[in-house]
Amino acid sequence: MRSLAIQRYSVAAATAALAVTMAQALTLNLAFPIQQIQLAWTLTRVLLQL
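All values derive from a computational prediction rather than experimental measurement. (Residues numbered from 1 in each chain as written. Predicted model: local features only at pLDDT ≥ 70, side-chain atom pairs only at ≥ 80, totals over all residues. Heavy atoms only, no water.)

(A) A look at the overall build of the protein. Assigned secondary structure in the protein consists of two helices and zero strands. Per-residue burial for the protein yields a buried fraction of 0% across its 50 residues. In the form shown here, the protein has an accessible surface area of approximately 5000 Å², with 71% of it arising from carbon and sulfur atoms. (Helix = DSSP H or I, 4+ residues; strand = E, 2+ residues; numbered from the N terminus. Buried < 20%, exposed > 50% of the residue type's maximum accessible area, 1.4 Å probe, protein only. Areas by Shrake-Rupley, 256 points an atom, 1.4 Å probe, with all protein chains shown as cover.)

Here's what the structure looks like:
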């Protein structure tokens, strides 16, 4: 009985860790620096024209 409780606790802990990791990954993708990429692309085009 005790090993079954430990297994259930391990599954619950792994599920919680996975949920936290997924939440962090989603918030990381939302903070993508689009303005910096656009600036870098513009500067690259200007330098290529020189």
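(B) Representation of a nonpolar patch on the surface within the structure. A grouping of Val46, Leu47 and Leu50 is seen on the molecular surface, where their side chains present a nonpolar patch of about 360 Å² in accessible area. The topology assignment puts Val46 in helix α2 (residues 34-49). On the basis of relative accessible area, Val46 is assigned to the partly exposed category, the value being 43%. (Patch = residues over 30% accessible without salt bridge, like charges linked within 9 Å, V, L, I, M, F, W, Y side chains within 5 Å. Salt bridge = Lys/Arg side-chain N within 4 Å of Asp/Glu carboxyl O.)

(C) The arrangement of α2 in detail. Counted at 1.5 Å a residue, the expected span for α2 with its 16 residues is 22 Å, and the 23 Å between its end C-alpha atoms agrees. When you tally the buried positions in α2, you get zero out of 16 residues, a small fraction of the element. (Expected span 1.5 Å × (residues − 1).)

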